[in-house]
Amino acid sequence: MKKWTTLAVILALPATAAVAAVPYGSMPPGFEAPHIRTSPIAGVVNQYWYNYKADILEAEKELRSDLRHATDREDRWDAWDEWETEVVDADKDYVKEMRKKGYRSGRVTVGG
């Protein structure tokens, strides 16, 4: 078990650096980025959390590649739309798996 924890920590270090490399400044005007989780549901770090992080990193890698190869505004929008879809899908998959395990993501409601 200890070696898996060590491996997870080692793999998480480059992940932090990769997130910073996403060109959020080149996001098209009016485009709203989906929420990307920074901590696991209920604080439980398991294979589903690592799968989620891997999916996010893969989506960001594809985004950078697509933006590098974009030749016009439409290509850039398509790249951001595809990234958004992949991030939302990764989150849905993660939440679904955690619900199967009995964990729920918290919600805060302010006002009525």
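Let me begin by describing the structure that accompanies this report. (Residues numbered from 1 in each chain as written. Predicted model: local features only at pLDDT ≥ 70, side-chain atom pairs only at ≥ 80, totals over all residues. Heavy atoms only, no water.)

## Looking at the pattern of salt bridges
Part 1 of the argument: Counted by the stated rule, this structure contains two salt bridges.
Part 2 of the argument: Of the charged contacts, one joins arginine 37 and aspartate 91 as a salt bridge, the two residues approaching to 2.5 Å between their closest N and O atoms. Of this pair, arginine 37 sits in the loop between α1 (2–20) and α2 (47–69) while aspartate 91 sits in helix α3 (residues 73–100), placing them 54 residues apart in sequence.
Part 3 of the argument: Judged by its relative accessible area of 15%, arginine 37 is buried.
Part 4 of the argument: The buried category is assigned to aspartate 91, whose relative accessible area is 19%.
Part 5 of the argument: Among the salt bridges present, the one from lysine 100 reaches glutamate 97, with a minimum N-O distance of 3.7 Å. Here lysine 100 and its partner glutamate 97 are both found in helix α3, three residues apart, which amounts to about one turn of the helix.
Part 6 of the argument: What makes lysine 100 exposed here is its relative accessible area of 58%.
Part 7 of the argument: Residue glutamate 97 is classed as partly exposed on the basis of its relative accessible area of 23%. (Salt bridge = Lys/Arg side-chain N within 4 Å of Asp/Glu carboxyl O. Helix = DSSP H or I, 4+ residues; strand = E, 2+ residues; numbered from the N terminus. Buried < 20%, exposed > 50% of the residue type's maximum accessible area, 1.4 Å probe, protein only.)

## What to know about the packing of α2 against α3
Part 1 of the argument: Contact pair α2 / α3: the axes reach a minimum separation of 9 Å and the direction vectors enclose 175°. Put simply, α2 runs roughly antiparallel to α3. Here α2 contributes Tyr48, Trp49, Tyr52, Asp55, Ile56, Ala59, Glu60, Glu62, Leu63, Asp66 and Leu67 to the contact with α3, which in turn contributes Arg76, Ala79, Trp80, Glu82, Trp83, Glu86, Val87, Ala90, Asp91, Tyr94, Glu97 and Met98.
Part 2 of the argument: Among the residues forming the contact of α2 with α3, the class breakdown is 14 nonpolar, no polar and nine charged. (Axes fitted to C-alpha atoms, helices over the stretch in contact; angles between N-to-C directions. Parallel < 35°, antiparallel > 145°, perpendicular 65-115°, else oblique. Contact = heavy atoms within 4.5 Å. Nonpolar A, V, L, I, M, F, W, Y, C, P; charged D, E, K, R; others polar.)

## Observations regarding the nonpolar core
Part 1 of the argument: In terms of nonpolar packing, the biggest core is built from 20 residues, with Tyr52, Leu63, Trp80, Trp83 and Tyr94 touching the most fellow members.
Part 2 of the argument: Secondary-structure elements contributing two or more residues to this core are α2 and α3.
Part 3 of the argument: At eight residues, α3 tops the list of elements feeding residues into this core.
Part 4 of the argument: In this structure tryptophan 80 touches Pro23, Tyr24, Ser26, Met27, Pro28, Phe31, Leu63 and Leu67, once residues within four positions along its chain are discounted. (Core = buried A, V, L, I, M, F, W, Y, C linked by side-chain atoms within 4.5 Å.)

## Some words on the environment of valine 45
Part 1 of the argument: Along the polypeptide, valine 45 turns up in the loop between α1 and α2.
Part 2 of the argument: If we ignore the near neighbours within four places in the chain, the residues touching valine 45 are Pro40 and Tyr50.

## Let's talk about a negative patch on the surface
Part 1 of the argument: Together, Asp72, Glu74, Asp75, Asp78, Asp81 and Glu82 make up a negatively charged patch on the protein surface.
Part 2 of the argument: Within the element layout of this structure, glutamate 82 appears in helix α3. (Patch = residues over 30% accessible without salt bridge, like charges linked within 9 Å, V, L, I, M, F, W, Y side chains within 5 Å. Areas by Shrake-Rupley, 256 points an atom, 1.4 Å probe, with all protein chains shown as cover. Lys, Arg positive; Asp, Glu negative; His and termini not counted. Charge placed at Lys NZ, Arg CZ, Asp CG, Glu CD.)

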